[in-house]
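One letter stands for each residue in the lines below.
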Amino acid sequence: MAKPTDTLEWNYSPSLESTNHIRLKQQYGLFINNEWVAPSSKKYFSSTNPATEEVLAEIAWANEADVDNAVKAARKAYETVWSKLSGAERGKYIYRIARMMQERAREFAVIESMDCGKPIRESRDVDVPLACNHFFYYAGWADKLAYAMPHKKPEALGVAGQIIPWNFPLLMAAWKIAPALAAGNTVVLKPAETTSLTALKLAEIIKDSGLPPGVVNIVTGHGDTGAAIVNHPDIDKIAFTGSTNVGKIIQRAIAGTNKKSTLELGGKSANIIFDDAPIDQAVEGIVNGIFFNQGHVCCAGSRLFVQENVADLVIKKLKARMESLYVGNPLDKNTDIGAINSKEQLETIEKYIRLGKEEGAAIYQSACEIPSKGYFCRPTLFTEVSQSHRITQEEIFGPVLTIQTFRTIDEVIQKANNTPFGLAAGVWTDKGSRIFNLTTKLKAGVVWANTYNKFDPTSPFGGYKESGFGREGGLHGLGAYLK
Ligand code: ADP
């Protein structure tokens, strides 16, 4: 565990989460028709622990033939079983999956932290409970579709192809699978190549739950596996969460087909602090928005706008708080900032930090030590940045914050909207009228007021502009899987 600087008055002893109960296979096949099958490609790749660089397991790399098998299984299950079941019966299976996930919550949290690098506090208190709640929430809708969409005769789309990223591996799988099943679809899901393990553990639960074979199929692999799903002619819907670049490739690939799609892409979200905000809470909100979870959040509050007359105070408090953040072993319960998910991502973040310096911005990094092994990055902030700097325009996906100041509301709205993205924003002020004014003018799918990064299964989430389209969560998320 890297220690914070000795300027602090307090220090914690390490408190490591046990991994004794974790059982991982050395090698994972593909999950098709409720069976583990070897990939016809015969290829496997390693999933490593980004905090230790140790290999955790070998994962099957599905090719087009494997994806085709999975889609055929999903189609057969859709036509012969799943579309014939009543909503109440579907709901029972989804509830069962939710309860079984809850029973194994600790195991999921530990594996998530080992495979993904996120602090155990996050995976234990956020990712896993929220993932279970998504299954519980959508289980409740399965027999009420007619009430959800009155006078519309809602019908399932068929087979959904779902491709997810590495920042919230289990949670993203839940966001995708739960509404699809509730609406009556069957699924072929591909986890991200660096974080397949919790999806594969979920496959164990799916099998144990007795869900009919073929209703959920999990194919692992890299971008080419994702592309095989996107291009498969018998898929009715593509649900994708990931980078804007891949989102554009997918949109081009499905143009002119009957495939429906929802895309949740990148972000460069604004967190806006007014001079009447509760400053200490706002500082916590900034830290939560960009530093916790290593900034690996699509809606990370990576651009901070502070009203000029409180800027010095906010920056001073923020720097002090940064010095108290623990960077290190994700399995230590004291850790605030775990490991960056992969070597490639760490290189990307470091490239942007160098770029920020070259662009003339002033850098501040906390003085904490970071472990010599594994992929770690100190919390970093840049001041003296302008709207044209690349570090304020491009998504970095790491614990890197840029700070700009503003004087008037119109100015901050203009600055906050000056981005190709539009995923989320945060507003910190004592004035309710100001919050409502900003929520209508900020071009962001979600605007949080006096909080940040709050999620709930009942609440829709999604973007504007290059952050994508379609909503996940809530009724909107259910509608995305219905005709
Ligand atoms: P990130 O930058 O967050 O890693 P990516 O968009 O590269 O985001 O990856 C998100 C998911 O998309 C991963 O599961 C990845 O394997 C998959 N993917 C990558 N390239 C493609 C592609 N061309 N078509 C479909 N899926 C892809």
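Predicted model, so just to flag it, every value in this text is computed and none were measured.

All right, on to the sheet that holds strand β11 (residues 270-273) then. Read from one edge of the open sheet, seven strands run β13-β14-β15-β12-β11-β16-β17, paired in mixed fashion. The outermost strands of the open sheet, each flanked by one partner alone, are β13 (362-365) and β17 (446-449). On average, adjacent strands in this sheet sit at an angle of 20° to one another, irrespective of strand direction. Pairing geometry for β11 and strand β12 (residues 303-307), over four bridges, is parallel. Bridge assignment links isoleucine 273 to a residue of β12, and that residue is valine 306. Each of β11, β12, β13, β14 (380-383) and β15 (400-406) touches helix α11 (residues 308-323); the most contacted strand, β12, lies at about 135° to it.

This part covers the packing of aromatic side chains. Two measures describe an aromatic ring pair: the distance that separates the ring centres and the angle between the ring planes. The tally for this structure, following the rule as stated, stands at 14 aromatic pairs. A centroid spacing of 6.2 Å and a plane angle of 50° characterise the contact between tyrosine 95 and phenylalanine 136, whose relative ring orientation is tilted. Of the two residues, tyrosine 95 is situated in helix α2 (residues 87-103) and phenylalanine 136 in helix α4 (residues 120-141); the sequence distance between them amounts to 41 residues. Cluster of aromatic residues (ring-pair linked, three or more members): Trp175, Trp448, Tyr452, Phe455 and Phe461. The lysine or arginine in question, arginine 121, covers the ring of phenylalanine 292, its NZ or CZ lying 5.6 Å from the ring centre.

Its 12 residues give helix α10 (residues 279-290) an end-to-end C-alpha distance of 17 Å, which sits within 8% of 16 Å, the value for a rise of 1.5 Å per residue. Taken together, the buried positions of α10 are Ile279, Ala282, Val283, Gly285, Ile286, Val287, Gly289 and Ile290. In this structure, the buried residues of α10 make contact with β11, β12, α11, β15 and β16 (424-428).

Right, let's get into the nonpolar core. Grouped together as the largest cluster of nonpolar side chains are 107 residues, with contacts concentrated most on Met101, Phe135, Leu202, Ile273 and Leu318. It is helix α6 (residues 169-182) that contributes the most residues to this core, 11 residues altogether. Residue contributions to this core reach at least three from each of two domains, namely domain 1 (27-265 + 467-479) and domain 2 (270-456). Setting aside chain neighbours within four positions, we find isoleucine 273 in contact with Ile279, Ala282, Ile286, Leu304, Phe305, Val306, Gln307, Val314, Phe406 and Trp428.

The next point concerns the sheet that holds strand β4 (residues 44-48). Reading across from one edge, β1-β5-β4 is the order of the three strands in this open sheet, with mixed pairing throughout. Here the strands that pair on one side only, and so sit at the sheet edges, are β1 (27-28) and β4. Of the strand pairs in this sheet, β4 and strand β5 (residues 55-60) are connected by five bridges, and their pairing is antiparallel. Across the sheet, threonine 48 pairs through a bridge with valine 55, a residue of β5.

Close to the ligand lie 16 residues, the nearest being Ile164, Trp166, Lys190, Glu193 and Ser243. A distance of 2.9 Å separates an oxygen atom of the ligand from a polar side-chain atom of tryptophan 166. Contacts to the ligand include glutamate 193, whose side-chain N or O atom sits 2.6 Å from an oxygen atom. Relative to its unbound accessible surface of 550 Å², the ligand loses 79% to contact with the protein. Those elements that provide at least two residues to the shell around the ligand are α8 (223-231) and β9 (237-241).

Another aspect to go through is the domain arrangement of the protein chain. According to the domain assignment, the protein chain consists of domain 1 (27-265 + 467-479) and domain 2 (270-456). Look at where the C-alpha atoms of domain 1 and domain 2 centre, and you get two points 30 Å apart. The interface of domain 1 with domain 2 comprises 28 residues on the first partner and 31 residues on the second. Interface area lost by domain 1 to domain 2 is led by Arg121, Trp166 and Ser467, which between them contribute 22%. Taken together, the links from domain 1 to domain 2 amount to one salt bridge. At the surface where domain 1 touches domain 2, the tally comes to 11 residue pairs in polar contact (both at pLDDT 80 or more). For the side of domain 1 that touches domain 2, the elements supplying multiple residues, two or more each, are α3 (105-116) and α4. Looking at the side of domain 1 that touches domain 2 residue by residue, the classes come out as 12 nonpolar, eight polar and eight charged.

With that settled, consider the pairing of β12. Summarising burial for β12: five of the five residues are buried, a large majority. Across the two faces of β12 the burial is the same, with Arg303, Phe305 and Gln307 and Leu304 and Val306 all buried. Examined bridge by bridge, β12 and β15 share five bridges and lie parallel to one another. The residue bridging arginine 303 from the neighbouring strand is threonine 402, located in β15.

With respect to the helices and strands, the residue asparagine 167 is situated in the loop between β6 (159-163) and α6. Since its relative accessible area comes to 2%, asparagine 167 is described here as buried. Engagement of the side chain of asparagine 167 in a polar contact is seen with the backbone oxygen of histidine 296, the distance being 3.2 Å. Ignoring any residue separated from it by four or fewer positions in sequence, one finds asparagine 167 in contact with Cys116, Lys118, Asn293, His296, Val297, Cys298 and Phe397.

Moving on, we come to the side chain of glutamine 404. Tracing the backbone shows glutamine 404 in strand β15. The class for glutamine 404 is buried, based on a relative accessible area of 5%. Within the local environment of glutamine 404, its side chain forms a polar contact with the side chain of glutamine 387, the two groups lying 3.2 Å apart.

Once the charged atoms of two side chains with opposite charge are near each other, the side chains can pair. Per the counting criterion, the structure on display carries 26 salt bridges. In this structure, the salt-bridge partner of aspartate 276 is arginine 434, at a minimum N-O distance of 3.3 Å. Of this pair, aspartate 276 sits in the loop between β11 and α10 while arginine 434 is found in helix α15 (residues 432-441), placing the two residues 158 residues apart along the sequence.

Here is what the cut-offs are and how they apply
Residues numbered from 1 in each chain as written. Predicted model: local features only at pLDDT ≥ 70, side-chain atom pairs only at ≥ 80, totals over all residues. Heavy atoms only, no water. Pairing = 2+ DSSP bridges. Helix = DSSP H or I, 4+ residues; strand = E, 2+ residues; numbered from the N terminus. Axes fitted to C-alpha atoms, helices over the stretch in contact; angles between N-to-C directions. Contact = heavy atoms within 4.5 Å. Phe/Tyr/Trp six-rings, centres within 6.5 Å; stacked < 30°, edge-to-face > 60°. Lys NZ or Arg CZ within 6 Å of the ring centre and 35° of its normal. Expected span 1.5 Å × (residues − 1). Buried < 20%, exposed > 50% of the residue type's maximum accessible area, 1.4 Å probe, protein only. Core = buried A, V, L, I, M, F, W, Y, C linked by side-chain atoms within 4.5 Å. Domains from an automatic or database assignment. Near = heavy atom within 4 Å. Polar contact = N/O pair within 3.5 Å; in protein donor to acceptor, adjacent residues only side chain to side chain. Areas by Shrake-Rupley, 256 points an atom, 1.4 Å probe, with all protein chains shown as cover. Buried area = accessible area lost by both parts, 1.4 Å probe. Salt bridge = Lys/Arg side-chain N within 4 Å of Asp/Glu carboxyl O. Nonpolar A, V, L, I, M, F, W, Y, C, P; charged D, E, K, R; others polar.

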